[in-house]
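Chain residues, written in single-letter form:
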Amino acid sequence: MIKKEELVIQITIDGPAGAGKSTIAKKLADKLRFLYIDTGAMYRAITYTALQQGIPLDDEAALVKLTTSVNLDMVQQKEAKPKIYCNDLDLTLAIREPLVSRHVSQVAAHGLVRQELVKLQRKLAQKNNVVMDGRDAGTVVLPNADCKIFLTASLKERARRRCLELNAGGHRHTLEMVKADLARRDTYDQNRKASPLIPATDAVIIDTTFLTPAEVVQKILDLIKEKESD
Ligand code: DC
């Protein structure tokens, strides 16, 4: 059986942008009928709202005030990723805008903002079986998770995937632009003081460069089975 103190099952999927986390997490959550928690969407929602309200992104205290005063809500959808609401405002599409992508790492680097969002993430994972994706889900948010995955892929492949995704959504991005943005965000996320992007020591690392989403999901399901029979 999975070694676990609580009754809930927690699966974490961390890794750099474009490694396939959200696609895999959503598919896995659907298969297992677990709740999918997209923690990146929370950082994006705070970033979007701060930009809207003209809050300087280097003002940690103001960002914390914003984070604690808004009501962030994630609504699961059958065929698509969850919708995210901030004070009942649907930000699902807005948080994917390039402006938000460019600034979100700056907001996510504030330790006190992270503390508040981590509280919310833990609360959601306390009562539900979850698949949670992010950068620190296995290291900080749910250190006792039952199964921890760290997804990687080459920068070129991650940029290719992200470019397709963005352009399918109506944006016009070149591969070079997306590659530069991902590389910049990787460096920022890996080198920040607060919860840098690193695999948990007990995470299983999966390189998805040459794997289809279905193959990655199957690998994770096999890992879960292995753990169950331990
Ligand atoms: O996964 P994403 O691209 O939507 O994440 C957006 C940004 O938020 C990314 O630059 C890293 C940051 N992030 C984080 O620091 N911690 C998380 N748990 C999730 C995302």
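Before reading on, note that the structure itself is shown above.
Here goes a summary of the coordinates provided.

Cut-offs applied
- Residues numbered from 1 in each chain as written.
- Predicted model: local features only at pLDDT ≥ 70, side-chain atom pairs only at ≥ 80, totals over all residues.
- Heavy atoms only, no water.
- Helix = DSSP H or I, 4+ residues; strand = E, 2+ residues; numbered from the N terminus.
- Rg over C-alpha atoms; globule rule 2.2 N^0.38 Å.
- Buried < 20%, exposed > 50% of the residue type's maximum accessible area, 1.4 Å probe, protein only.
- Contact = heavy atoms within 4.5 Å.
- Areas by Shrake-Rupley, 256 points an atom, 1.4 Å probe, with all protein chains shown as cover.
- Lys, Arg positive; Asp, Glu negative; His and termini not counted.
- Charge placed at Lys NZ, Arg CZ, Asp CG, Glu CD.
- Near = heavy atom within 4 Å.
- Polar contact = N/O pair within 3.5 Å; in protein donor to acceptor, adjacent residues only side chain to side chain.
- Core = buried A, V, L, I, M, F, W, Y, C linked by side-chain atoms within 4.5 Å.
- Arc of directions from axis to C-beta.
- Pairing = 2+ DSSP bridges.
- Axes fitted to C-alpha atoms, helices over the stretch in contact; angles between N-to-C directions.
- Salt bridge = Lys/Arg side-chain N within 4 Å of Asp/Glu carboxyl O.

What follows covers the overall build of the chain. Across its full length, the chain carries 9 helices and 8 strands. Relative to a compact globule of 230 residues, whose C-alpha radius of gyration would be 17 Å, the chain shows 17 Å and is just as compact. The principal-axis extents of the C-alpha atoms in the chain amount to approximately 55 × 35 × 35 Å. Out of the 230 residues in the chain, the part that is buried amounts to 48%. A separation threshold of at least 6 residues defines the contact pool for the chain, and within that pool the share at least 24 residues apart is 74%. A total of about 11,900 Å² of accessible surface is found on the chain, and carbon and sulfur atoms cover 54% of it. With 35 positive and 30 negative side-chain charges, the chain shows a spacing of 2 Å between the two charge centroids.

Once that is clear, we can look at the site of the ligand. With respect to spatial proximity, 15 residues lie near the ligand, and among them Arg44, Arg114, Arg135, Asp136 and Arg192 are the closest. Within the side chain of Arg192, one N or O atom sits 2.8 Å away from an oxygen atom of the ligand. Of all the elements in the fold, those that place two or more residues in the shell around the ligand are helix 2 (39-53), helix 4 (98-108) and helix 8 (175-191). The biggest single contributor to the shell around the ligand is helix 2, with 4 residues.

Glancing now at the nonpolar core. Considering soluble globular proteins, one finds that nonpolar side chains tend to be buried as a cluster. Formed by 32 residues in total, the largest nonpolar core has its most connected members in Leu72 and Ile84. For this core, the secondary structure elements donating two or more residues are helix 2, helix 3 (60-69), strand 3 (72-75), strand 4 (83-86), helix 4, helix 5 (111-127), strand 6 (130-134) and helix 6 (137-141). When residues no more than four places from it in sequence are discounted, the contact partners of Ile84 are Ala41, Met42, Ala45, Asp73, Met74, Leu89, Asp90, Leu91, Thr92 and Ile95. If you look at the next biggest cluster of nonpolar residues, it comprises 20 residues, including Ala25, Tyr36, Ile149 and Leu223.

Turning our attention to helix 4. Within helix 4, the full set of buried residues consists of Val100, Ser101, Val104, Ser105, Val107 and Ala108. Looking straight down helix 4, one finds its buried side chains confined to an arc of 160°; they lie on one side. Contacts from the buried residues of helix 4 go to helix 2, helix 3, helix 5 and helix 8.

Before going further, it helps to examine the sheet that holds strand 3. Spatially, 3 strands are ordered 3-4-5 in an open sheet, and the strand pairing comes out antiparallel. Two strands in the sheet have a free side with no partner beyond their single neighbour: strand 3 and strand 5 (89-90). Looking at chain direction, strand 3 and strand 4 are connected through 4 bridges and run antiparallel. Paired with Asp73 across the bridge in strand 4 is Tyr85. Strands strand 3 and strand 4 of the sheet are contacted by helix 2, whose axis makes an angle of about 135° with strand 3.

Scanning the entire structure with this criterion turns up 14 salt bridges. We note a salt bridge from Glu157 to Arg160, for which the minimum N-O separation is 2.9 Å. Within this pair, Glu157 and its partner Arg160 are both found in helix 7 (residues 155-168), separated by 3 residues, close to a single helical turn. Judged by its relative accessible area of 40%, Arg160 is partly exposed. Where salt bridges share partners, they join Arg135, Asp189 and Arg192 into one cluster.

Worth remembering: the numbers are spatial, not functional.
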